[in-house]
Amino acid sequence: MQDGAPWRDLPECYGKWITVCRRFNRWSGNGAMERLFTALQEERIIGVEIRVLAMNSTSVKVHQHAAGAPKKGGSRSVGVSRGGRNTKVRVVSDSGSTLVEIHPGPGNEHDAAHGRRSMAAPGAFMGAHLLMDRAYEGDSTRLLAESFGLTTVVPPKRNRTAPWDYDREAYKGRNMVERVFNRMKHHRKAAARYDRLDETFLAEPRLILIAIYLKNTAKNSKCKYTLIHDWYA
């Protein structure tokens, strides 16, 4: 995940590369990776009161190895734009390392339509602020968010004839979703797309975020143990 090496270069201590590759593909296809990801995210979300959410997307360049998937094999969210072939990963985040929703889409499709699809997940957090950039400032997108009980914080476009006021101080917190992208793209498997099918490609950012989540949890637990140990000592 970290350096984007092909499966054939997997160290022997992990077993045969073809066995690990097939297991990963199987877990991606049968939803095991998604269920694990969701369970860990729910554990994080249930323990904290969600008051602020941020939604955005990031472009991922499609490597030549991601071409050639059979049409009946599964969905492939790959679009052609001025920068070449790419995929956009759309996410809704509640912090700098955890997500509420994630899904891929073609890079040449507008963010607003995918943003409305993403709102089904944060719709469960009534009363939370949803921070969005101008790509999501359309009337239909804002009205849908409000119908879910979310408070939208989004600046109007400059050509709006009737612009609205928004909470500029709260909007500064939108960088939380950018921090998620930054942590994900430290790993080459998330910075570029090497997989043909969406289910396999999306399993990799999930696995990366699981690793980040567990690392942070272990670090926090160690800090708590050290504080308790020092206090009793």
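Rules used throughout
- Sequence positions are assigned chain by chain, starting from 1 and proceeding in written order.
- Totals for whole chains, interfaces and linings use every residue, but because this is a predicted model, local features are given only for residues with pLDDT of at least 70 and side-chain atom pairs only at 80 or more, for both listing and counting.
- With hydrogens and water excluded, all non-hydrogen atoms of the structure serve as input to the side-chain values.
- What makes a nonpolar core is a set of buried Ala, Val, Leu, Ile, Met, Phe, Trp, Tyr and Cys residues whose side-chain atoms join them at distances within 4.5 Å.
- Only protein chains enter the calculation, and the probe is 1.4 Å; a residue is then buried if its accessible area is under 20% of its type maximum, exposed if over 50%, and partly exposed in between.
- Secondary structure elements are defined from DSSP: runs of H or I of at least 4 residues count as helices, runs of E of at least 2 residues count as strands, and each element is numbered from the N terminus.
- Whether two residues are in contact is decided by their heavy atoms, any of which lying within 4.5 Å being enough.
- Strand pairing is defined by DSSP finding a minimum of two bridges between the two strands.
- Each Phe, Tyr or Trp ring, with Trp reduced to its six-membered ring, pairs with another whose centre is within 6.5 Å; inter-plane angles below 30 degrees give stacked pairs, above 60 give edge-to-face pairs, and intermediate values give tilted ones.
- Each ring is checked for a lysine NZ or an arginine CZ that lies within 6 Å of its centre and within 35 degrees of its normal; such an atom marks a charge sitting over the ring.

**Q** Honestly, the nonpolar core in this entry has me stumped. Any pointers?
**A** Within the largest apolar cluster, 25 residues are counted, with the highest numbers of intra-cluster contacts made by Phe 37, Val 89, Val 91, Leu 99, Ile 102 and Leu 209. For this core, the elements supplying multiple residues, two or more each, are α2 (32–46), β1 (52–62), β3 (84–93), β4 (99–106), α6 (175–184) and α8 (198–232). Not counting residues within four places of it along the chain, the set of residues in contact with Ile 102 comprises Phe 37, Val 89, Arg 90, Val 91, Leu 202, Pro 205 and Arg 206. Of all hydrophobic cores here, the second largest spans 13 residues; its members include Val 92, Val 100, Phe 125 and Leu 150.

**Q** Got a minute to help me understand the pairing of β4 in this structure?
**A** Along a regular strand, successive side chains alternate from one face of the sheet to the other. Of all eight residues in β4, eight are buried, a share of seventy percent or more. In the sheet, β3 pairs with β4 via seven bridges, with the strands oriented antiparallel. Among the inter-strand pairings, Val 89 is bridged to a residue of β4, identified as Pro 104.

**Q** How should I be thinking about the packing of aromatic side chains in this particular structure?
**A** Two aromatic rings, taken as a pair, are described by how far apart their centres are and by the angle between their planes. Here the structure, examined in full by the defined rule, presents one aromatic pair. On the basis of an interplanar angle of 75° and a centroid distance of 5.8 Å, the ring pair of Tyr 166 and Tyr 171 is categorised as edge-to-face. The aromatic ring of Trp 164 is capped on one face by Arg 142, whose charged end is 3.9 Å from the ring centroid.

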